[in-house]
2 protein chains.
Amino acid sequence: MRILGIDPGSAFTGWGIIEDKSGMLKLLDCGVIRPKGKGKENFAERISFIYKTLLEIIAYYQPEESAIEQVFTAKNALTALKLGQARGVAVAACANFDIPVFDYAPTSVKKALVGVGRADKEQVAFMVGKILGVNIKQFRLDTTDALAIAVCHSSMRKFYALTRK
Amino acid sequence: MRILGIDPGSAFTGWGIIEDKSGMLKLLDCGVIRPKGKGKENFAERISFIYKTLLEIIAYYQPEESAIEQVFTAKNALTALKLGQARGVAVAACANFDIPVFDYAPTSVKKALVGVGRADKEQVAFMVGKILGVNIKQFRLDTTDALAIAVCHSSMRKFYALTRK
């Protein structure tokens, strides 16, 4: 079972592919999608770039399920609109390959990994490193966040399968 | 030149295809995409539905350019996140066919059609009907808004071509 975790953002979109072999998790690949340019002018181009890069990643690794961070709040409406659009293209990329998308609130991800819903990003990153057995120092926090969502989904998916009818 | 206008929304996404033959505008088709279901649970499914329906529309009518309403404000962050995601899948659907996406602020659309930036939706709808020579009574305001964006783009695109290098 391959899981794609995505931490969407219009400036940095973190992504990670993990493999779940009967509970043993392994990191396959991960990274950050960083569209060039700034400003409103080419915002559509920037999120198109995120979309197309995700299409390439999915086509290459062929994950069977994806988990994307669900966000309910943002600093302001403009930030929320940008974040929403980045999330939208991530969902669209998965829909393009008919990969089911699972939503996790940031607190659920933190709880699944660290045990508390208010853990900070560094604690989450540390646990991602422990669980996947990799040195996370080399990764950005966007990447470790994406991996955390994938790890969270790997532990929640059985539960999801039971309750989601 | 075929133009696709989109008025994105997670509950109702209006769309319209117009044809511009040396300045003469003609309505080809239009409608509203209305995903089933409500609530957070299946939000990803709902915006995937918008995405897939737009893919079908684009594949069928093969527009050469698209215009999508750019929004900078929303009632609150949650509304903005939902709206942003609907806009994101619209941009992704266009990116999938390499159709350039042009952004227009609601005030620009109103100004282009009615002459004032603060015109209400009904006035915009009335002008859409006049310009395209159709009875707009049969359409929802989401649809006439989408058509308005397409009409706006048809008049702005020459200007865009001159200034956008």
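Everything that follows concerns the structure shown earlier in this document.
Q: Help me understand the sheet that holds strand S5 (residues 101-104) of chain A, please; the structure alone is not making it clear to me.
A: In sheet architecture, strand pairing relies on hydrogen bonds along the backbone and comes in two forms, parallel and antiparallel. Residue and element names in this part refer to chain A. On the basis of which strands lie adjacent, the open sheet formed by five strands has the order S3-S2-S1-S4-S5 and mixed pairing. Looking at which strands have only one partner, the edges of the open sheet turn out to be strand S3 (24-33) and S5. With direction set aside, neighbouring strand axes in the sheet form an average angle of 20°. Here strand S2 (residues 13-21) pairs with S3 via nine bridges, running antiparallel. Looking at S3, one finds that Gly14 is bridged to Val32. Seen against the sheet, helix H1 (residues 43-61) touches strand S1 (2-7), S2 and S3 and runs at an angle of roughly 150° to S3.

Q: How should I be thinking about unusual backbone geometry in this particular structure?
A: Residues and elements named next belong to chain A. With a phi angle near 45°, Gln62 is a residue other than glycine that sits in the positive phi range. Examined against the element boundaries, Gln62 turns out to sit in the loop between H1 and strand S4 (65-69). The phi angle at Asp98 is positive, at roughly 55°, despite the residue not being glycine. Within the secondary structure layout, Asp98 lies in the loop between helix H2 (77-96) and S5. For Asp98, a relative accessible area of 57% translates into the label exposed.

Q: What am I meant to see in the packing of H2 of chain A against helix H2 (residues 77-96) of chain B here?
A: Pairs of packed helices are described in terms of their axes, by the angle between the two and the distance that separates them. Where H2 of chain A meets H2 of chain B, the closest approach of the two axes is 6 Å, and the angle between their N-to-C directions is 45°. In terms of their interaxial angle, H2 of chain A and H2 of chain B are classed as oblique. Handedness of the H2 of chain A/H2 of chain B crossing: right-handed. Contacts between H2 of chain A and H2 of chain B pair Ala77, Ala80, Leu81, Leu83, Gly84, Gln85, Arg87, Gly88, Val89, Ala92 and Asn96 of chain A from the former with Ala77, Ala80, Leu81, Leu83, Gly84, Gln85, Arg87, Gly88, Val89, Ala92 and Asn96 of chain B from the latter. Considering only residue class, the contact of H2 of chain A with H2 of chain B consists of twelve nonpolar, eight polar and two charged.

Q: Would you explain the interface of chain A and chain B in this entry?
A: Taken together, the contacts link 32 residues of chain A with 32 residues of chain B. Both faces considered, chain A and chain B share a buried interface measuring about 2500 Å² in area, 60% of it formed by carbon and sulfur atoms. Contact with chain B buries area across many residues of chain A, yet Phe72, Leu81 and Gln85 of chain A alone supply 20% of it, more than any other trio. Between chain A and chain B we count two salt bridges in total. For Lys52 of chain A, the salt bridge goes to Asp98 of chain B, with nearest N and O atoms at 2.4 Å. Across the contact surface, chain A and chain B share eleven residue pairs in polar contact (both at pLDDT 80 or more). Those elements giving two or more residues to the side of chain A that touches chain B turn out to be H1, H2 and S5 of chain A. A per-element tally of the side of chain A that touches chain B places H2 of chain A first, with 14 residues.

The rules behind the values
Each chain has its residues counted from 1, following the order in which its sequence is written. Chain A is the first chain written and ligand 1 is the first ligand written, with later ones labelled in order. At least 70 in pLDDT is required for a residue's local features to be given in this predicted model, at least 80 for side-chain atom pairs to be given and counted, and no such filter applies to totals for whole chains, interfaces and linings, which use all residues. Values shown for side chains rest on all heavy atoms present in the structure; no hydrogens or waters enter the calculation. Two strands pair under a simple rule: DSSP has to find at least two bridges between them. Comment: elements are numbered from the N terminus, with helices defined as DSSP H or I runs of at least four residues and strands as E runs of at least two. Orientation is described by lines fitted to C-alpha atoms, with helices fitted over the stretch in contact, and by angles between N-to-C directions that extend from 0 to 180 degrees. The contact criterion used throughout is that any non-hydrogen atoms of two residues lie within 4.5 Å. Throughout this description, buried means an accessible area under 20% of the type-specific maximum (1.4 Å probe, protein chains only), exposed means over 50%, and partly exposed covers the range between. Orientation labels follow simple angle bins: below 35 degrees gives roughly parallel, above 145 gives roughly antiparallel, 65 to 115 gives roughly perpendicular, and whatever is left gives oblique. Crossings are classed by handedness, with left-handed meaning an anticlockwise turn of the near helix from the far one by less than a right angle and right-handed meaning a clockwise turn. Residue polarity is assigned by list, with Asp, Glu, Lys and Arg as charged and Ala, Val, Leu, Ile, Met, Phe, Trp, Tyr, Cys and Pro as nonpolar; anything else, Gly included, falls into the polar class. A 1.4 Å probe defines the accessible area here, and the buried area is the portion of it lost by two parts on being joined, summed over both. Only one rule defines a salt bridge in this text: a Lys or Arg side-chain nitrogen within 4 Å of an Asp or Glu carboxyl oxygen. Whenever two N or O atoms come within 3.5 Å, that pair is a polar contact, provided that in protein one can donate a hydrogen and the other can accept it, and provided that, for residues adjacent in sequence, both atoms are side-chain atoms.

Treat this as a map of the structure, not an account of what it does.
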